[in-house]
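One letter stands for each residue in the lines below.
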Amino acid sequence: MPSNTELLAVAKRRLYANYKPAPFVVARGKGCELFDLDDERWLDLCAGVAVSSVGHAHPALSRVIAEQAATLMHTSNYFYNEPNILLAVELTRRTGMDRAFFCNSGTEACEALLKLARHHFYGLGDKGRNRIIAFHNAFHGRTMGALSMTGTPKYREGFGDLGGVTHVTYGKIDEVKKAMGKDVAAVIVEPLQGEGGVFPPPTGFLKALRTLCDENGALLLLDEVQTGLGRLGRFLGSDGLGIQADAIALAKGLGGGFPIGAMLTSEKVAGALPPGTHGSTFGGNALASAAALAVLKIIDDEKLVEGAKTKGEALGKMLDELCAEIPEVCECARGEGLLRGLVLRDGYVARGVLPIVQENGVLLTAAGDRVLRFSPPLVVTIAELEEGVRAVRIACEQLASGDRSSETMTAAKPAIRS
Ligand code: PLP
């Protein structure tokens, strides 16, 4: 087997350079642990950005995938397959929605939401109703439609956009009211902004959006790509808020690492995309559907939704303590369930701090400019969360005191202080 160093050299020449991965090659995983080609252990508290919900190489998930692969993988949507029908039943049962459309990623699920909203009103003969209200700092994906709704200008810069999207401040219902009009097809919102910096909305915000949409005849679209599947300590991030969306996007944790996305819809918009208007070659294939069914069963069997709530509260407490200990570096902690952010003081850049945390064997991701994001597998243990927070504490202490190796300082310093 080649070493990390050998393969990294090839990666630098041959992989398209749109990412900046950590400098090691992951070879295998188990639970919340990853091992690289040199057999070094890493504690994975990012779960491939909130994806590996049941941990790496979960035996029940691996077994179902292997068995399904040996039975039937793909037929296209010219034909039904059993796991896909069963998955639609499971997802609609758990969410109170009526129908499911399947795709392969969160971006595609959000793209489907956009097309659904516009085509719904087109089909009703209301062709002028096609504007979408989205939020600053929102993340809905990278294709041109999803990107147009994404609220971070740097992601959109240089690509143009589709137009017809108005961005307003997350949490500010008055701004949404001002932007609302008879030309608005839908409001799209994350129940908690993940990529934008782990921002929970103010209490009552989603309910107020639902009311506003109802008053104005617009649809409410929920992007639950990051918040769904138990991540916030409830099955959907929007559960318990007393609202029902017109359509919901799911992906990430749904396949536990196997690519799958879904758009769930209410019956009201069931006719918005008739045959020929939208589709996906791979979407809903038997293999991805079987994987998602296995993930849902593991979530139930291991009570992972309930676990995300209790373990998430414990993590929140640990991060609050860290903020109290090192206030010169840590501003505050926020989030819900097992989606938590440690907000660094103004001037620090989270992406520049990640390598310092990695020096202590722990993998996190950044959200927004200065938030270290914890989105561990839902099977994480309290001991693993403690290990993760210990690594972050060491990094923050080093930042506070300037006590860092010269290599780390030269590599990371320009990125840390903006
Ligand atoms: N929507 C939200 C809320 C997300 O967090 C993401 C990805 O981070 C997406 C959509 C895009 O999902 P994907 O990267 O699977 O296309």
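This text follows the structure it describes.
Scope of this entry: the structure provided in the associated data block. From a predicted model like this one, the values you see are computed outputs, not experimental measurements. In this numbering scheme, every chain counts its residues from 1 along its sequence in written order. With the structure being a predicted model, the display of local features is reserved for residues of pLDDT at least 70 and the display and counting of side-chain atom pairs for 80 or more, all residues being used for whole-chain, interface and lining totals. Heavy atoms throughout the structure, all of them, feed into the side-chain values; hydrogens and water do not.

### Examining the environment of Ile-243
Part 1: Tracing the backbone through its elements, the reader meets Ile-243 in the loop between β8 (219–223) and β9 (247–250).
Part 2: With a relative accessible area of 13%, Ile-243 lands in the buried category.
Part 3: A sequence separation of 104 residues divides Ile-243 from Gly-347, and the C-alpha atoms of the two residues are 38 Å apart.
Part 4: If we ignore the near neighbours within four places in the chain, the residues touching Ile-243 are Leu-206, Lys-207, Arg-210, Leu-220, Leu-222 and Ser-238. The way it works is that DSSP assigns letters per residue, a run of H or I at least four long becomes a helix, a run of E at least two long becomes a strand, and they are numbered from the N terminus. Only protein chains enter the accessibility calculation, which uses a 1.4 Å probe. A residue is then buried if its area is under 20% of the maximum for its type, exposed if over 50%, and partly exposed in between. It only takes one pair of heavy atoms within 4.5 Å for two residues to be counted as in contact.

### Describing the sheet that holds strand β12 (residues 339–344)
The pairing of strands in a sheet happens through backbone hydrogen bonds and is either parallel or antiparallel.
Part 1: Strand order in the open sheet formed by four strands is β11-β12-β15-β14, and the pairing between neighbours is antiparallel. At either end of the open sheet lies a strand with only one pairing partner, and these are β11 (330–336) and β14 (365–367). The mean angle between the axes of side-by-side strands here comes to 30 degrees, regardless of whether they run parallel or antiparallel.
Part 2: At least two bridges found by DSSP between two strands are what make those strands a pair. With three bridges joining them, β14 and strand β15 (residues 371–374) adopt antiparallel strand pairing. Residue pairing in the sheet places Ala-367 in a bridge with Val-371 of β15.
Part 3: The axes used here are C-alpha line fits, helices contributing only the stretch in contact, and every angle between their N-to-C directions lies in the interval 0 to 180 degrees. Where helix α11 (residues 304–325) meets the sheet, it contacts β11, β12 and β15, and its direction lies at approximately 5 degrees from that of β12.

### Some thoughts on the site of the ligand
Part 1: For this description, a residue counts as near a given molecule or strand if any of its non-hydrogen atoms is within 4 Å of it. The ligand sits among Ser-105, Gly-106, Thr-107, Phe-139, His-140, Gly-141, Glu-190, Glu-195, Asp-223, Val-225, Gln-226 and Lys-252.
Part 2: Distance and chemistry together define a polar contact, namely a pair of N or O atoms within 3.5 Å, with one atom able to donate a hydrogen and the other to accept it when in protein, and with adjacent residues in sequence counting only for side-chain atoms on both sides. Here an oxygen atom of the ligand and a backbone polar atom of Gly-106 are 2.9 Å apart.
Part 3: A distance of 2.7 Å separates an oxygen atom of the ligand from a polar side-chain atom of Gln-226.
Part 4: In short, Shrake-Rupley with a 1.4 Å probe defines the accessible areas, and a residue's cover is counted only from the protein chains shown. Protein coverage of the free-state accessible area of the ligand, which is 390 Å², stands at 83%.

### Some words on the side chain of Ser-266
Part 1: With respect to the helices, strands and loops of the structure, Ser-266 is situated in the loop between β10 (261–265) and α10 (286–301).
Part 2: Excluding its chain neighbours within four sequence positions, the residues that come into contact with Ser-266 are Met-97, Asp-98, Ala-245 and Asp-246.

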